[in-house]
Amino acid sequence: MNQDLEGVGIRFAEVMSGYASLGGNTFEDGFEAGRAAGLALSLHVEVEVDDVAAFLASPERAGRLVGHVEGPLVGGRAAIESGLFQLMPDTADRERKVMVYRVLCRNDDGHAFTFAGQKEVQHHFGFDLWRDTTTLYTNLYAGHLAREDEAQAELLATGILSLGVVDFMKVLQSLRATDAAGRPSPAGLAAFGRFFAGSLWEVYGPSLPPGPREAPRVYARFTTEGVRGADISHHPFSTGDGLGLDLTRFRRADCDDVVLIVHGLTTSSDMFIMPEHRNLVQELLDAGWGDVFTLDHRGSNRFPYNLSRSRANLDDLALYDHPAAIATLRRLVGPNRRIHVIAHCVGALTFAMSLAAGLVGSVRSVILNSIALSAHVPGWSRVKLALGPLFCDWLLGAEYVNPRWRHQQAWSPGKLLAMGVDLYHHECDSSACHMLSFMWGAGKPALFLHENMARVTHDRLGDLFGGISAHYYRHVLKMVNSKHEAVKWQPGDPRYAALPDNYFERAAGIATPMLLVQGQENRVFADSIIQCHARLERLVPGRHQLHVFPRYGHQDIFMGQNVATDIFPRLFEFLRAHSGPG
């Protein structure tokens, strides 16, 4: 700690203005709806740092906020009772920093609110420094909430605030550094400026990618050591088109409510039994669901089916995998048990397709993460979906895309591609993480927020994810281009006659109540779940529920280190509401 700076304080004032809307789920939609409705929202604060030396030495880089929030959503003007400011604290990302504004406020009528805002400082394309450092993505909650309680809370409003050029000049004019005696401190001002400019240079300045690191294997592949106190058994079964799949049963006690968990593409049931943190299977068992199953379908990296040139499509999972899995499960547990399903990503999409086609019989409740019967993706993802299969088939000559290509022995077209991807991704030292961002979604990283993942999880991404046939991308793109609706890959093919050409047209007939969930910062399927729920509400009002988790992305909703406290309570609340007779 620099002793010359001890006792030197920093002060500056900032006013950010924008729009937010009630019931908004994504920041952009909340802003647009708020602007259309005239729901302005502004944050008027003074940032106070009492000791700049301690501030710079601390990884949290925290200060205090005083002032008020203003707008019709908070009843006019709400004074800040306590406020936290963090200026680019240390994070897991090499090239992503955040500025946090979190305040607890109360208006003149005594109503309490929590204002949670964050600026995302991460270089993507062009000159985005100005936009990143002046744009505040904002959630507003009713009542005073601890940060760790926000994931379970219902969003009151969502929107975007920003800082204009004139407002930014006022921030600079208000910036003051003073010592303990109240005298100006040029040294304090210079130290603060060097930190701020240096942090921005780390993000936006030119740099070389870190060398790829092959982390030592801490946990064996396909280990079950993450689940304790249960009898574990495997139950292979065959599909109608001749593939062998597997159900894994984790049984602790007889239970009339049985839970089946389904993974997405490139992963496996391993994502639900991770030893490094409290995982979904273990938490279900501990919460009283004594009979839990996981499905490894044809998209699982436990099987070799995706490591060859394949014309497999999403209809195959809907027609063959899920109905056979449910039939096998019923033979194991008996016909009178109530079955609940929790499904993720493409597993969620294809299970919803099976439900719409009426192929899985009676299911008591379903929880679907990230995508159901509507397919929306970021713009860059749409480009990759269109060009990726052609690139793999005709230029790369690859049968599949593999996140572990960089660590393969000798040279190959896939290894060269992975090296090229590493040149663009500098945010971490995991080539597998870089390749997964290349394979799915748009972002650095795309699948999750780095801060949500335990280091050991990040180190073993190459074990938790596998290769995938690029042909699946063609089917996802067809859905995106078909008015964002889940549709059949080849209408007229007699093998798929049991499936509808358009699955969404059967959505109103799904009697099973569904909880649709997603992370607010989903960079893979964007707001697919939100759009799907909005359409379902118009068809069958009140039958299905939606929950959006702040500060989560796509994969970290199940694989993040704090999911047992941030995510699972909401899922279990839904399961309990639909468990038991009735």
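Residues numbered from 1 in each chain as written. Predicted model: local features only at pLDDT ≥ 70, side-chain atom pairs only at ≥ 80, totals over all residues. Heavy atoms only, no water.

Draft legend 1. Seen up close, the overall build of the protein chain. Broken down by element type, the protein chain carries 18 helices and 17 strands. In summary, the protein chain has a C-alpha radius of gyration of 25 Å against a globular reference of 25 Å for 582 residues, a match within 12%. Considered along the principal axes of its C-alpha atoms, the protein chain spans approximately 80 × 60 × 45 Å. Counting contacts in the protein chain only where the partners sit at least 6 residues apart, residues at least 24 apart contribute 72% of the total. Counting every atom, the protein chain has about 22600 Å² of accessible surface; 54% of that belongs to carbon and sulfur. On the protein chain, the mean spot of the 55 positive side-chain charges and the mean spot of the 63 negative ones are 4 Å from each other. (Helix = DSSP H or I, 4+ residues; strand = E, 2+ residues; numbered from the N terminus. Rg over C-alpha atoms; globule rule 2.2 N^0.38 Å. Contact = heavy atoms within 4.5 Å. Areas by Shrake-Rupley, 256 points an atom, 1.4 Å probe, with all protein chains shown as cover. Lys, Arg positive; Asp, Glu negative; His and termini not counted. Charge placed at Lys NZ, Arg CZ, Asp CG, Glu CD.)

Draft legend 2. Quick peek at the sheet that holds strand S13 (residues 291-296). The strand order across the open sheet built from eight strands is S10-S11-S13-S12-S14-S15-S16-S17, with neighbouring strands paired in mixed fashion. Two strands bound the open sheet, and with one partner strand each, they are strand S10 (231-238) and strand S17 (545-549). Mean inter-strand twist for the sheet, computed between neighbouring axes without regard to direction, equals 20°. Across eight bridges, S10 lies against strand S11 (residues 244-251) in antiparallel orientation. Bridge pairing links Ser238 to Gly244 in S11. Strand contacts of helix H8 (residues 345-357): strand S12 (257-262), strand S14 (338-344), strand S15 (365-369) and strand S16 (514-519), with the helix running at about 135° to S14, the strand carrying the most contacts. Each of S14, S15, S16 and S17 is contacted by helix H18 (residues 568-577), which is oriented at about 160° to S15, the strand it contacts most. (Pairing = 2+ DSSP bridges. Axes fitted to C-alpha atoms, helices over the stretch in contact; angles between N-to-C directions.)

Draft legend 3. Fine view of the pattern of salt bridges. Under the criterion given, the structure shown has 40 salt bridges. One salt-bridge network, held together by shared partners, links Arg11, Glu48, Asp50 and Arg64. (Salt bridge = Lys/Arg side-chain N within 4 Å of Asp/Glu carboxyl O.)

Draft legend 4. Region of interest: the nonpolar core. Leu284 and Leu373 are the most contacted members of the largest nonpolar core, which has 125 residues in total. Those residues in contact with Leu373 that sit more than four places away from it in its chain are Ala352, Met353, Ala356, His484, Glu485, Ala486, Tyr503, Phe504, Ala507, Ile510 and Cys532. If you look at the next biggest cluster of nonpolar residues, it comprises 43 residues, including Val8, Ile80, Met88 and Phe192. (Core = buried A, V, L, I, M, F, W, Y, C linked by side-chain atoms within 4.5 Å. Buried < 20%, exposed > 50% of the residue type's maximum accessible area, 1.4 Å probe, protein only.)

Draft legend 5. A look at unusual backbone geometry. In this chain, Lys444 is followed by Pro445 through a cis amide linkage whose omega measures 0°. A positive phi angle, close to 75°, is found at Thr266, a residue other than glycine. The topology assignment puts Thr266 in the loop between S12 and helix H6 (280-286). Even without being a glycine, His484 presents a positive backbone phi close to 65°. Structurally, His484 is set in the loop between helix H14 (471-481) and S16. By relative accessible area, His484 is classed as partly exposed at 25%.

Draft legend 6. Local environment of H14. The buried count for H14 comes to nine of eleven residues, which makes it a mostly enclosed element. Along H14, the residues that are buried comprise His471, Tyr472, Tyr473, Arg474, His475, Val476, Leu477, Met479 and Val480. Where H14 is buried, its residues contact helix H7 (314-333), H8, helix H9 (379-396) and helix H11 (431-439). Positive backbone phi, approximately 55°, marks Lys483, located one or two places after H14.

Draft legend 7. Highlighting a nonpolar patch on the surface. Together, Trp380, Val383, Leu387, Leu390, Phe391, Trp394 and Leu395 make up a nonpolar patch on the protein surface, roughly 800 Å² of accessible area in all. In this fold, Leu387 is placed in helix H9. The exposure class of Leu387 is exposed, given its relative accessible area of 53%. (Patch = residues over 30% accessible without salt bridge, like charges linked within 9 Å, V, L, I, M, F, W, Y side chains within 5 Å.)

Draft legend 8. Molecular detail of the pairing of S14. When you tally the buried positions in S14, you get seven out of seven residues, the bulk of the element. In this sheet, S14 lies alongside S12 in parallel orientation, the contact comprising six bridges. What sits directly across from Asp257, in S14, is Arg338. Relative to S15, S14 runs parallel, the two being bridged by five bridges. The residue of S15 that forms the bridge with His340 is Ser365.

Draft legend 9. Quick look at empty space enclosed by the protein. Taken as a whole and judged by the stated rule, the model has two cavities of 30 Å³ or more. Roughly 70 Å³ of volume is contained in the largest cavity. What lines the largest cavity is simply Gly264, Leu265, Thr266, Thr267, His344, Cys345, Trp440, Leu447, Phe465, Val524, His554 and Gln555. Split by residue class, the lining of the largest cavity holds six nonpolar, six polar and no charged. In this model, the second largest cavity occupies a volume close to 60 Å³. Forming the boundary of the second largest cavity are Ala220, Arg221, Phe222, Thr223, Asp270, Ile273, Met274, Pro275, Arg460, Asp463 and Leu464. Split into classes, the residues belonging to the lining of the second largest cavity amount to six nonpolar, one polar and four charged. (1 Å grid on protein atoms, 1.4 Å probe; cavity = no way out; pocket = protein on both sides within 12 Å on 5 of 7 lines; lining within 4 Å. Points joined across faces, edges and corners; volume = space filled by probe spheres on them. Nonpolar A, V, L, I, M, F, W, Y, C, P; charged D, E, K, R; others polar.)

As far as function goes, none of this settles anything; it's purely spatial.
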